[in-house]
Amino acid sequence: IITNFDIEKESEYLKILNPKLSNLEKKKINNIAKDSLINEIVKKSEIQQKLNINKENAFVDEHLRKLYTKLNFNNEEEFKKSLKIKKNYSLEEIKEKIKIEILWNELIYLKYRNQLKIDTKSLLKKIEKNDNDFKKEYLLSEIVFEAKKGKRISDLIKEIKLSISEIGFNNTANIFSISESSKLGGKIGWIDENNLSNAIYEKLNVINKGEITDALKIGNNFLILKIESIRKTKIKIDKKK
């Protein structure tokens, strides 16, 4: 059972992750919160059947650090103080939500790990080719979406792009994206250009900061990326290592 109180609390949590969500009308925020809660309940149910959900998880603090850094807090104490001011969520409650996501990822990995293949030769060739002293990184946000029954994909893409122009990329990600990053308004952080697939790199290479890519087909889903910022960092690569 999901109560109105649960939806209200979840909507406040989503506003912590994406403050721009407050600009949407209450009904839309509640719908996003309801979907978010349903996903969490389903995940928790699956986890409880296969993993020990009560066991301490060493990765929670690391993921918490990544979260408050994305939200522009300098440290955990600063983030904790902000939560106390808002009086919506405690740090422990947020850690519990993070733990569910970590365990869900672990469950997916255990299910599909035998299908993972690493092309070592290809990676070694890539390292050998890399003679740059600087690496280029993109600060990215994403909207991952799937085709809907009875709706042409071209119409769905138009609807998403119209939404981006009206309410912004981050809020549109909250509404349309099926990725876990949707809770953060689609934010996925800094990505090294060498970690991008050729197809994605080609799309990003022709746009500038603040612009979005065309929709790109990734498996059964579609992806739109936005470049929030670009930076170059000096590097020293130990190719042997």
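Rules behind the numbers
- Residues numbered from 1 in each chain as written.
- Predicted model: local features only at pLDDT ≥ 70, side-chain atom pairs only at ≥ 80, totals over all residues.
- Heavy atoms only, no water.
- Helix = DSSP H or I, 4+ residues; strand = E, 2+ residues; numbered from the N terminus.
- Rg over C-alpha atoms; globule rule 2.2 N^0.38 Å.
- Buried < 20%, exposed > 50% of the residue type's maximum accessible area, 1.4 Å probe, protein only.
- Contact = heavy atoms within 4.5 Å.
- Areas by Shrake-Rupley, 256 points an atom, 1.4 Å probe, with all protein chains shown as cover.
- Lys, Arg positive; Asp, Glu negative; His and termini not counted.
- Charge placed at Lys NZ, Arg CZ, Asp CG, Glu CD.
- Axes fitted to C-alpha atoms, helices over the stretch in contact; angles between N-to-C directions.
- Parallel < 35°, antiparallel > 145°, perpendicular 65-115°, else oblique.
- Left-handed = near helix turned anticlockwise from the far one by under 90°.
- 1 Å grid on protein atoms, 1.4 Å probe; cavity = no way out; pocket = protein on both sides within 12 Å on 5 of 7 lines; lining within 4 Å.
- Points joined across faces, edges and corners; volume = space filled by probe spheres on them.
- Core = buried A, V, L, I, M, F, W, Y, C linked by side-chain atoms within 4.5 Å.
- Expected span 1.5 Å × (residues − 1).

Asks: Any chance you could break down the overall build of the protein chain for me, citing the residues and the numbers?
Replies: From N to C terminus, the protein chain includes 9 helices and 4 strands. For a compact globule of 241 residues, the expected C-alpha radius of gyration is about 18 Å, and the protein chain comes in at 20 Å, within 12% of that figure. Going through the 241 residues of the protein chain one by one, you find that 37% of them count as buried. Restricting to contacts in the protein chain with at least 6 residues of sequence separation, those with at least 24 account for 67%. When the accessible area of the protein chain is evaluated, it comes to approximately 15900 Å², of which 50% is carbon and sulfur surface. The distance from the centre of the 50 positive side-chain charges to the centre of the 37 negative ones in the protein chain is 2 Å.

Asks: Please set out the packing of helix α7 (residues 153-167) against helix α8 (residues 169-176) residue by residue, giving values where relevant.
Replies: Between α7 and α8, the shortest axis-to-axis distance is 7 Å and the interhelical angle comes to 140°. The pairing of α7 with α8 is recorded here as oblique in orientation. Here α7 runs over α8; the crossing is right-handed. Residues Leu 156, Glu 159, Ile 160, Ser 163, Ile 164 and Ile 167 of α7 lie in contact with α8, whose contacting residues are Phe 169, Asn 171, Thr 172, Ile 175 and Phe 176.

Asks: Go over the layout of surface pockets with me, naming the residues and quoting the values.
Replies: Sizing a probe to match a water molecule and rolling it over the atoms shows the empty space that remains. Its volume calculated, the largest pocket comes out at about 880 Å³. In terms of lining, the largest pocket is formed by 28 residues, of which the most central are Lys 66, Leu 67, Lys 70, Leu 184 and Lys 187. Elements that contribute at least two residues to the lining of the largest pocket include exactly α1 (4-17), α3 (60-70), α5 (91-112), β1 (134-146) and β2 (187-192). For the lining of the largest pocket, the element with the most residues is α3, which contributes 6 residues.

Asks: Now, about the nonpolar core: what can you tell me, with residues and values included?
Replies: Counting residues in hydrophobic clusters, the biggest one holds 25 residues, and the most contacted among them are Leu 64, Leu 67, Leu 71, Phe 79, Ile 94 and Ile 98. Contributions of two or more residues to this core are made by α1, α2 (26-50), α3, α4 (76-86) and α5. Among the elements that take part in this core, α1 stands out by supplying 5 residues, more than any other. Beyond its immediate chain neighbours, meaning those up to four positions away, Phe 79 contacts Ile 16, Leu 64, Tyr 68, Leu 71, Phe 73, Leu 91 and Ile 94.

Asks: Run through α2, naming residues and quoting values.
Replies: With 25 residues, α2 ought to run about 36 Å at 1.5 Å a step, and its terminal C-alpha atoms sit 36 Å apart, in line with that. Considered for burial, the residues of α2 that qualify are Ile 29, Ile 32, Ala 33, Ser 36, Leu 37, Glu 40, Lys 43 and Ile 47. Packed against the buried residues of α2 are α1, α5 and α8.

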